[in-house]
Amino acid sequence: MKKGILVSLGVVALLVLMIWADRRFPAAGRQAANAPGKAGDASMPAVVMKDLNDHDVTLSQYKGQVVLVNFWATWCEP
């Protein structure tokens, strides 16, 4: 019986702490919809890479398309 009461008090204490922290620090863990770094954000830096034919390619060339970028090292096996 005592163990159940202690566990219940611990859970209540954690809930109170979580509610207090959420009200005290409302922006913690949340990002605005237009925060820098979101996909499609105009403030993202230009990225220039080489393609398989040694030509410069920028991600802005593929705006509106899905792009898979595979980074690997020469010592990594396929």
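Residues numbered from 1 in each chain as written. Predicted model: local features only at pLDDT ≥ 70, side-chain atom pairs only at ≥ 80, totals over all residues. Heavy atoms only, no water.

### So, the overall build of the protein
Helix and strand content of the protein: 1 helix and 2 strands. Put simply, the protein runs from its N terminus to its C terminus through helices and strands in the order α-β-β. Taken over 78 residues, the protein has a buried fraction of 4%. With an accessible surface of roughly 7,800 Å², the protein has 64% of that area assigned to carbon and sulfur atoms. (Helix = DSSP H or I, 4+ residues; strand = E, 2+ residues; numbered from the N terminus. Buried < 20%, exposed > 50% of the residue type's maximum accessible area, 1.4 Å probe, protein only. Areas by Shrake-Rupley, 256 points an atom, 1.4 Å probe, with all protein chains shown as cover.)

### Some thoughts on the packing of aromatic side chains
According to the stated counting rule, one finds 1 aromatic pair in the structure shown. Plain terms: the ring middles of Trp20 and Phe25 are 6.2 Å apart, the flat faces sit at 85 degrees to each other, and that makes the pair edge-to-face. Residue Phe25 is classed as partly exposed on the basis of its relative accessible area, which comes to 44%. (Phe/Tyr/Trp six-rings, centres within 6.5 Å; stacked < 30°, edge-to-face > 60°.)

### A word on the pattern of salt bridges
Oppositely charged side chains can form a pair if their charged atoms are brought close together. If you walk through the whole model with that rule in mind, you get 1 salt bridge. Across the salt bridge formed by Asp56 and Lys50, the nearest N and O atoms sit 3.0 Å from each other. Given the relative accessible area of 53%, Lys50 is considered exposed. (Salt bridge = Lys/Arg side-chain N within 4 Å of Asp/Glu carboxyl O.)

### Some remarks on the environment of Val69
Along the chain, Val69 turns up in the segment after strand E2 (56-58). Judged by its relative accessible area of 32%, Val69 falls in the partly exposed class. Taking the C-alpha atoms as reference points, Val69 and Met49, 20 residues apart in sequence, are found 9.8 Å from one another. Not counting chain neighbours up to four residues away, the residues in contact with Val69 comprise Met49 and Leu59. (Contact = heavy atoms within 4.5 Å.)

### What about a nonpolar patch on the surface?
A surface patch of nonpolar side chains, about 510 Å² in accessible area, is lined by Val47, Leu59, Tyr62, Val67, Val69 and Phe71. The topology assignment puts Phe71 in the segment after E2. On the accessibility criterion, Phe71 (70% relative accessible area) is exposed. (Patch = residues over 30% accessible without salt bridge, like charges linked within 9 Å, V, L, I, M, F, W, Y side chains within 5 Å.)

### Some points on the confidence of the model for the protein
Averaged over every residue, the pLDDT of the protein is 78; residues scoring 70 or more account for 77%. The element-level mean pLDDT for the protein is lowest in strand E1 (residues 48-50), coming to 87, with helix H1 (residues 2-24) highest at 91. (pLDDT = per-residue confidence, 0-100.)

### A few points about unusual backbone geometry
The residue Asp54 is not glycine, and still its phi comes out positive at about 65 degrees. Residue position: Asp54 is located in the loop between E1 and E2. A relative accessible area of 54% means that Asp54 is categorised as exposed.

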